[in-house]
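Chain by chain, the residues:
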Amino acid sequence: MFVRPLSVVGSAQTAVSVWRPWHQPRCSWLIGQSYQQHPQRHTTSKKHSTFSWNEWRRPGVLPNAAHRGGFHLSAGRMDRPDKEPPLKRRKSTEDKGTGEQVKLQHSCRRSAPRESREASPPWLRNVIGVPLTPGKFPPSPESKAELKRQWEDISVLYDCEPQTDGSLREKTFDFSVMSYNILSQELLLSNAYLYKHCNPHILEWRHRFTNIIKELEQHSADIMCLQEVQEDHYQRQIKPRLESLGYHCEYKRRTGRKPDGCAVVFKRDRFSLLSCHTIEYFRRGIPLLDRDNVGLILLLQPVEPSGSACSVCVANTHLLYNPRRGDIKLAQLAMLLAEINRVAERADGSTCPVLLCGDFNSVPWSPLYSFIKESQLEYVGMPIGKVSGQEESSRGQRILTAPIWPPSLGISQKCQYEHQPKEAQVKEQEASLNGVDKARIEHGLKLTSAYSHRLKGSRRPEITTCHSRSAITVDYIFYSASPDGSVQTDCSVPAARGLQLLARLALVGEAELKEVNGLPNEINSSDHLPLIAQFRLHS
């Protein structure tokens with residue numbers, strides 16, 4: 001400790017007044033039992049056993065959290081439609097001894113962005129009435145209650161039970177699929193303001209890794225599509241562990257300086273790998289596509305004695321987050337769909353069954369979501385911030401113009417690779433500008449969601465991700481619908497040659513998340529929930 005003479009600080013009384021806030025917090029919600037020990041120092045009778053996020057950030061509520069050096073997040077306000085949120089800072093990935101705790105403490109000192117984003121759910125609690133050791137951050141009231149998620153049997157809707165014997169084994173193949181954003185530790189540390197409601201110890205990677213692996217082992221899905229998989233953790237811990245459990249692992253890191261990426265793993269005794277394809281959404285020379293998001297596509301063949309089962313195309317992605325850049329999200333999605341069309345195409349021109357999983361950073365029934373399900377989107381006059389549905393206000397935002405992506409990308413407005421002369425591409429662009437196609441994009445895959453996005457019975461919204469800022473659905477498992485074009489009812493119409501949804505692990509709503517203090521918590525170590533569904537493949 002550095003000693004400074006009193007003459008530098010001022011009088012002894014001044015020195016004590018400066019030193020006292022660090023030695024003994026004055027807010028009653030930080031005092032706890034010491035409140036009774038020194039009643040004369042507290043004149044307020046207001047109880048502060050719990051605080052909401054907005055109360056936490058009110059000036060003067062946390063006098064001990066003044067800036068004391070280190071890194072701080074910028075305000076995060078995007079005052080122009082084309083302006084980006086603050087870049088996520090990179091930190092060292094080393095985790096030695098108590099280094100993780102030091103990172104968490106420094107990250108928690110960062111200031112939260114201004115109220116330009118959505119307000120936090122009021123039920124998220126940030127502090128408890130216990131004494132606070134100087135230099136420590138107040139822990140949250142952790143609840144060890146576990147989320148109760150039940151399996152929903154969809155097969156009963158069309159009188160078809162999952163396989164229990166070998167009677168249908170020669171014609172069908174049952175398997176399970178998971179989509180799970182496991183939350184990169186680097187992104188957690190760089191955005192610590194989102195996790196103020198969490199006790200710091202549950203945010204340490206050692207704790208989180210144990211819970212995540214336990215969750216993956218518990219569900220034991222045949223195919224797992226993971227997002228925000230940090231590369232060093234993947235290479236040193238996640239991949240070796242999953243391989244020991246009988247999985248084959250494929251991984252694609254984000255381009256640029258981002259430390260995480262997407263992984264697709266599958267059980268070796270259930271599938272064999274026919275081909276693996278990575279896709280980078282960054283394209284040099286195309287300003288619209290200057291982001292580091294990626295996708296990963298695998299063509300899998302079921303391991304079956306009869307050998308009659310057809311192959312399955314599995315795609316995994318994590319689209320751009322920025323709520324105000326729906327044009328980039330649509331362009332990234334178009335690139336992914338074009339590659340899926342190429343990989344899934346059979347020799348006879350048909351398309352094999354497709355599973356499209358990932359974090360799409362778009363809410364249900366948004367234009368981007370509707371584009372995936374309805375196979376087309378007319379976007380004329382649509383503000384770019386409305387595409388993903390993450391923001392309600394479109395004030396001051398640019399309008400989507402045709403075409404969204406340039407012809408130089410080599411992808412048509414039908415989301416397919418085009419092999420045509422440059423002159424033909426120019427004519428297509430002119431037709432788009434003249435309104436011939438009515439500013440519409442299409443794709444040829446018939447996809448539907450494995451989830452209904454409403455809780456069974458109550459019709460409350462399902463939640464797939466929750467932190468101090470929001471609780472919404474952005475994660476999905478889409479799959480090939482009936483090839484005959486018949487109308488789907490509750491995602492369960494059997495396909496003559498394709499995928500049939502048998503069951504899904506039910507999601508929860510805000511009320512259920514409230515009971516466990518949101519995400520992450522003591523048991524669930526990501527700010528996302530895993531989506532799991534069981535399918536039947538018809539040959």
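Look up a bit, the structure's there.
The rules behind the values
Residues numbered from 1 in each chain as written. Predicted model: local features only at pLDDT ≥ 70, side-chain atom pairs only at ≥ 80, totals over all residues. Heavy atoms only, no water. Helix = DSSP H or I, 4+ residues; strand = E, 2+ residues; numbered from the N terminus. Buried < 20%, exposed > 50% of the residue type's maximum accessible area, 1.4 Å probe, protein only. Contact = heavy atoms within 4.5 Å. Areas by Shrake-Rupley, 256 points an atom, 1.4 Å probe, with all protein chains shown as cover. Polar contact = N/O pair within 3.5 Å; in protein donor to acceptor, adjacent residues only side chain to side chain.

**Student:** Which residues make up the overall build of the protein, and what values do they have?
**Tutor:** Tallying secondary structure elements over the protein gives 13 helices and 17 strands in all. Relative to its full complement of 539 residues, the protein shows a buried share of 55%. Sequence-distant contacts, at least 24 apart, represent 74% of the contacts inside the protein between residues at least 6 apart. Of the accessible surface of the protein, which amounts to about 24800 Å², a share of 51% is contributed by carbon and sulfur atoms.

**Student:** Before we move on, can you summarise unusual backbone geometry with the specific residues and values?
**Tutor:** With omega at -10 degrees, the peptide bond leading from Ala402 into Pro403 counts as cis. Mapped onto the fold, Pro403 is located in the loop between strand 10 (376–378) and helix 12 (422–433). Leu519 connects to Pro520 through a cis peptide bond whose omega is -10 degrees. Structurally, Pro520 is set in the loop between helix 13 (510–515) and strand 17 (531–538). Of note in this structure, His453 is not a glycine but carries a positive phi near 70 degrees. Residue His453 is classed as buried on the basis of its relative accessible area of 4%. Phi at Asn517 takes a positive value of approximately 65 degrees, unusual for a residue other than glycine. Relative to the helices and strands, Asn517 resides in the loop between helix 13 and strand 17. Judged by its relative accessible area of 5%, Asn517 falls in the buried class.

**Student:** Now, about the side chain of Gln397: what can you tell me, with residues and values included?
**Tutor:** On the secondary structure map, Gln397 appears in the loop between strand 10 and helix 12. The class for Gln397 is buried, based on a relative accessible area of 11%. Among the polar contacts listed, one links the side chain of Gln397 to the backbone nitrogen of Gly385, at a separation of 2.8 Å.

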